[in-house]
Structures are given as C-alpha cells and as structure tokens.
Amino acid sequence: MKLEIDCIRSILIELEELDMGCYGLEFFQKSCKKYGETAVIYTFAKLAEAHYVTADIGMDESGYY
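Residues numbered from 1 in each chain as written. Predicted model: local features only at pLDDT ≥ 70, side-chain atom pairs only at ≥ 80, totals over all residues. Heavy atoms only, no water.

Student: Please explain the overall build of the protein chain as it appears in this structure.
Tutor: Per the secondary structure count, the protein chain includes three helices and zero strands. From first element to last, N terminus to C terminus, the protein chain shows the α and β order α-α-α. For the protein chain, whose C-alpha radius of gyration is 11 Å, the value lies close to the compact-globule estimate of 11 Å for 65 residues. Its C-alpha atoms give the protein chain principal-axis dimensions of about 30 × 30 × 25 Å. (Helix = DSSP H or I, 4+ residues; strand = E, 2+ residues; numbered from the N terminus. Rg over C-alpha atoms; globule rule 2.2 N^0.38 Å.)

In structure tokens:
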C-alpha cells in the first residue's frame, strides 16, 4: 500500500482537535470517508512506526481493526 501524504495531514488535523487520550477509528470519520478505513489504519501504523503517534493497532473479536 502507498502512504498518502494528504491522508497523513488529514489524520493529524483531526487528531489535533481531540484532547489527549485513547481514540478509536470512529473518531476519524472525515479521514475514513475521504481515504477509506484501510488507508487510515495503514497511515496510523506508519505514524506509530515513525514515533509521531502512539498507537495500539489490533483486531477485536469480530476481526475489525
């Protein structure tokens, strides 16, 4: 998958609007709507890999990330 710079920007803007805390994918609806959930999850994984965010990406019981 290709990392989209505009998706990174969109996520960081949405993240900036939130207070410090733990948030699920449902808090990033603008980014998900524009880029798709798969791209947003991938982007979060790359942001965590680069230490820009702290993220725990895993699946729930239903297989949803």
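Back to the text.
Student: I keep staring at the pattern of salt bridges and nothing clicks. Help me out?
Tutor: Counted under the stated rule, the structure contains one salt bridge. The residue lysine 46 makes a salt bridge to glutamate 49 at a minimum N-O spacing of 3.5 Å. Linking lysine 46 with glutamate 49, this pair stays in helix α3 (residues 37-49), spanning three residues, or about one helical turn. (Salt bridge = Lys/Arg side-chain N within 4 Å of Asp/Glu carboxyl O.)

Student: Would you explain helix α1 (residues 5-16) in this entry?
Tutor: Note on helix geometry: an α-helix contains 3.6 residues per turn, so any two residues three or four positions apart are oriented the same way. Given a rise of 1.5 Å per residue, 12 residues ought to cover 16 Å, and the 17 Å separating the end C-alpha atoms of α1 matches this to within 8%. Of the positions making up α1, those classed as buried are Cys7, Ile8, Ser10, Ile11 and Glu14. One side of α1 holds all its buried residues, which, seen down the axis, span an arc of 165 degrees. The outward face of α1, more than 90 degrees from its buried face, is lined by the exposed residues Ile5, Arg9 and Glu16. (Expected span 1.5 Å × (residues − 1). Buried < 20%, exposed > 50% of the residue type's maximum accessible area, 1.4 Å probe, protein only. Arc of directions from axis to C-beta.)

Student: Explanation requested: unusual backbone geometry in the structure shown.
Tutor: Negative phi characterises most residues that are not glycine, and trans characterises most peptide bonds. Phi at histidine 51 takes a positive value of approximately 65 degrees, unusual for a residue other than glycine. Tracing the backbone through its elements, the reader meets histidine 51 in the segment after α3.

Student: It is not clear to me how the layout of surface pockets should be interpreted in this structure. Could you clarify?
Tutor: Space left empty within the atom packing is revealed by a probe, the size of a water molecule, rolled over the atoms. Empty space within the largest pocket amounts to approximately 570 Å³. Every residue lining the largest pocket is counted, 20 residues in all, and those nearest its centre are Tyr23, Phe44, Thr54, Ala55 and Asp56. Classifying every residue of the lining of the largest pocket by side-chain character gives 14 nonpolar, four polar and two charged. (1 Å grid on protein atoms, 1.4 Å probe; cavity = no way out; pocket = protein on both sides within 12 Å on 5 of 7 lines; lining within 4 Å. Points joined across faces, edges and corners; volume = space filled by probe spheres on them. Nonpolar A, V, L, I, M, F, W, Y, C, P; charged D, E, K, R; others polar.)

Student: Explain the environment of aspartate 6 to me, please; I cannot follow it from the model alone.
Tutor: If you trace the backbone, aspartate 6 turns up in helix α1. Here aspartate 6 falls in the partly exposed class, since its relative accessible area comes to 49%. Taking the C-alpha atoms as reference, aspartate 6 lies 14 Å from glutamate 37; in sequence the two are 31 residues apart.

Student: What is the right way to read the environment of tyrosine 42 from this model?
Tutor: Tracing the chain through its elements places tyrosine 42 in helix α3. Tyrosine 42 sits in the partly exposed class, given a relative accessible area of 25%. When near neighbours in sequence (up to four residues on either side) are disregarded, tyrosine 42 contacts Met1, Lys2 and Leu3. (Contact = heavy atoms within 4.5 Å.)

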